Amino acid sequence: MAISTLSSIPQIEKILQQAFLAPFIERLSRPVVADVVREQVASYKKQHLQDPENHPFSLEQLYHNIEQGCWLLNQQRLQRVVNGTGVIVHTNLGRSPINAELWQQVTEVNTHYSNLEIDLNTGKRGKRKGLLQQLMQYLTKAENTLVVNNNASSIYLLLHELAKGKEVIVSRGEQIQIGGGFRIPDILALSGAKLVEVGTTNITTTQDYLDAITDQTAMVLIVHTSNFKIRGFTESPDVKELASALPEHVILAVDQGSGTTTEHMPDEPTVASYIDSGADLVCYSGDKILGGPQAGMISGKDTLIKQLEKNPMMRAFRPSRIVYSLLEELVVRKLNQQPEGRGVAQTKSHIALPLLEQSAQALADGFNDHITVVQSEMTVGGGSLPDQDAPSWSVQINPSQPAYQRSPEKLLAVMRQWPLPVIGVIKRDKVQLNMATVDASEIPYLRSQLAEVLL
Ligand SMILES: *Cc1c(COP(=O)(O)O)cnc(C)c1O
């Protein structure tokens, strides 16, 4: 009996022609959807044969399972989400969104051939950097700037090229994990440089560094302690004082992290300020406060940058034209003080507080007790600006369904399955959406989705 019912399951090819699978084929590709269909048919047959009582045959149920399987894969595709976390540069949410205008501007150069490595003035083979090196001089005050794929590569490259087989002095207070398993000591070990730790976790003085210097010392590395702050009594040396006290043979490198230049971030030292203070090299990410694509940048002394450029690993670390074109566009806009050059960190952290409250009210309007407007905090995040929380406004969602009341996580999970997924946070056992990171244009969508869940 079971066997004959099962034989009524259409062939895989026939199932693939079902209308409900057309959008999935478009988003996931035909072979991927065909695999889901095969898997679901096989497991459905197995279940039915093992326990026909509890799994009576239903083609509708089988199709539902196939749809579920496709949906799970669909959710793995890279897609836009609404950021309701209040963390402006959120590493899990793609850090800095690229300004749409900049993205438009670089379409042509990326969808046609370009002069990536040909000098249009001489016709000879040219450098990959384009005009970026000159542009960065104005932004950072550094003689030269090198671009790699991310800041982790910057650090590896400068240690490998300039400190391999030698000693690098790092403060104990800066032995941080930057996230995702990226640890300064591990990078140091891989690069072939020897780590010399100085000071204590909360106090490191200029003298501590000087006492640790030997003829084997290649570099002092200062790491801006981004997403980690030692609370209480801390002391770190003045970079200027350290720079002038270091002997000639020791390079002073700073991992600045966030790439702050013209963005006016309180208490975040800019790349230029470190260069001014006498740092030989400063490295930072392109997609944090700078607001560009994922990249690592090293700015500093021309002779050192030229040396880094000759490292064989440069071939592995060099970015694509997509990155160079976006950075060029971004930096020109920054230098011309145009809004497109600001980057998301500057733009969103400077939105007037009353505007955020207005947004929250607009979102909550008409929902009565189901959505309340609450004070909250935003943070720049992304391994920048430790403890730099600023005031913000959020909406708190107060569902009447007992399931959501018991488990705000459940509501968060439902919001992640919306057509445009929404990432919220839980505060005081309630789901909140922070207006600092929600776009005004996203509010009508949020209202209509929330109405379905709440009303
Ligand atoms: C973010 C960060 C890094 C890692 O940069 P990626 O671009 O993610 O590789 C390294 N150092 C500091 C201080 C950082 O803030």
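Per an unreviewed UniProt entry, the protein chain is named L-seryl-tRNA(Sec) selenium transferase, and its organism is Photobacterium rosenbergii. For the record of the protein chain, the UniProt heading Pathway (unreviewed entry) holds the text "Aminoacyl-tRNA biosynthesis; selenocysteinyl-tRNA(Sec) biosynthesis; selenocysteinyl-tRNA(Sec) from L-seryl-tRNA(Sec) (bacterial route): step 1/1." Recorded under Function (unreviewed entry), the UniProt text for the protein chain is reproduced unchanged: "Converts seryl-tRNA(Sec) to selenocysteinyl-tRNA(Sec) required for selenoprotein biosynthesis."

Chemist: Please clarify how the sheet that holds strand S7 (residues 281–285) should be interpreted in this entry.
Modeler: What holds strands together in a sheet is hydrogen bonding between their backbones, with the strands either parallel or antiparallel. Taken in spatial order, the seven strands of this open sheet run S2-S8-S7-S6-S5-S3-S4, and their pairing is mixed. The open sheet has two edge strands with one neighbour each: strand S2 (144–148) and strand S4 (194–198). Direction aside, the axes of adjacent strands within the sheet are offset by 25° on average. Bridge count between S7 and strand S8 (residues 296–300): five bridges; the pairing is antiparallel. Within S8, the residue paired with Cys-283 across the bridge is Ile-298. Packed onto the sheet, helix H14 (residues 302–309) meets S2, strand S6 (251–257), S7 and S8 and runs at close to 25° relative to S2.

Chemist: What's the story with the nonpolar core in this structure? I'm lost.
Modeler: Ranked by size, the top nonpolar core spans 37 residues in total, and within it Val-147, Ile-169, Val-220, Ile-222, Val-282, Met-297 and Leu-327 carry the most contacts. The element that contributes the greatest number of residues to this core is helix H16 (residues 321–335), accounting for six residues. Residues within four places of Val-147 in sequence aside, it is in contact with Leu-132, Ala-295, Gly-296, Met-297, Met-314, Pro-319, Val-323, Tyr-324 and Leu-327. Counting residues in each nonpolar core, the second largest holds 36 residues, with Ile-397, Leu-412, Met-415 and Val-422 among its members.

Chemist: Just to check I follow, could you spell out the domain arrangement of the protein chain for this structure?
Modeler: A common way to express how large an interface is: the accessible area buried when the components associate. Once the domains are mapped, the protein chain shows domain 1 (2–74), domain 2 (82–93 + 346–454) and domain 3 (100–342). Each of domain 1 and domain 2 was reduced to a C-alpha centroid, and the two centroids are 37 Å apart.

Chemist: Could you clarify how one ought to interpret the UniProt feature "domain: L-seryl-tRNA selenium transferase N-terminal" (unreviewed entry) in the protein chain in this entry?
Modeler: When the UniProt feature table is mapped onto this chain, "domain: L-seryl-tRNA selenium transferase N-terminal" (unreviewed entry) is found at residues 6–42. Helix makes up 70% of residues 6–42 and strand 0%, whereas the separation of the span's terminal C-alpha atoms amounts to 11 Å.

Chemist: Please clarify how the UniProt feature "modified residue: N6-(pyridoxal phosphate)lysine" (unreviewed entry) in the protein chain should be interpreted in this entry.
Modeler: Within this numbering scheme, the UniProt entry marks Lys-288 as carrying the feature "modified residue: N6-(pyridoxal phosphate)lysine" (unreviewed entry). On the secondary structure map, Lys-288 appears in the loop between S7 and S8. A relative accessible area of 4% places Lys-288 in the buried class.

Chemist: Would you explain the pairing of S7 in this entry?
Modeler: On any regular strand, side chains alternate: one points to one face of the sheet, the next to the other face. Counting buried residues in S7 gives five out of five residues, a clear majority hidden from the surface. Sheet analysis places S6 next to S7, joined by four bridges and oriented parallel. Its bridge partner being in S7, Ala-253 is matched across the sheet by Leu-281. Taken together, S6, helix H13 (residues 271–276) and S7 form a β-α-β motif whose crossover is right-handed.

Chemist: Is there a simple way to explain the sheet that holds strand S13 (residues 430–434) in this structure?
Modeler: With antiparallel pairing, four strands are arranged side by side in an open sheet as S9-S10-S13-S12. The two strands at the open ends of the sheet, each matched to only one other strand, are strand S9 (371–378) and strand S12 (425–427). Averaged over all pairs of adjacent strands, the angle between strand axes in this sheet comes to 45°, irrespective of strand direction. Sheet strands touched by helix H20 (residues 408–416): strand S10 (390–397), S12 and S13. Its angle to S13, the strand with the most contacts, is close to 45°.

Chemist: In this structure, what is going on with the packing of aromatic side chains? I would like to understand it.
Modeler: Two aromatic rings are characterised by how far apart their centres lie and by the angle between their planes. Under the counting rule described, the total for this entry stands at three aromatic pairs. Between Tyr-156 and Phe-317, the aromatic rings sit 5.9 Å apart at their centres with planes inclined by 90°, giving edge-to-face as the arrangement. Taken as a pair, Tyr-156 in helix H9 (residues 151–163) and Phe-317 in helix H15 (residues 314–317) lie far apart in primary sequence, 161 residues in all. For Tyr-156, a relative accessible area of 17% gives the class buried. Owing to a relative accessible area of 12%, Phe-317 belongs among the buried residues under this scheme.

Thresholds, definitions, all that
- Residues numbered from 1 in each chain as written.
- Predicted model: local features only at pLDDT ≥ 70, side-chain atom pairs only at ≥ 80, totals over all residues.
- Heavy atoms only, no water.
- UniProt positions renumbered as here; feature names shortened; annotations may be inferred.
- Pairing = 2+ DSSP bridges.
- Helix = DSSP H or I, 4+ residues; strand = E, 2+ residues; numbered from the N terminus.
- Axes fitted to C-alpha atoms, helices over the stretch in contact; angles between N-to-C directions.
- Contact = heavy atoms within 4.5 Å.
- Core = buried A, V, L, I, M, F, W, Y, C linked by side-chain atoms within 4.5 Å.
- Buried < 20%, exposed > 50% of the residue type's maximum accessible area, 1.4 Å probe, protein only.
- Domains from an automatic or database assignment.
- Right-handed = clockwise from strand over helix to strand, strands pointing away.
- Phe/Tyr/Trp six-rings, centres within 6.5 Å; stacked < 30°, edge-to-face > 60°.

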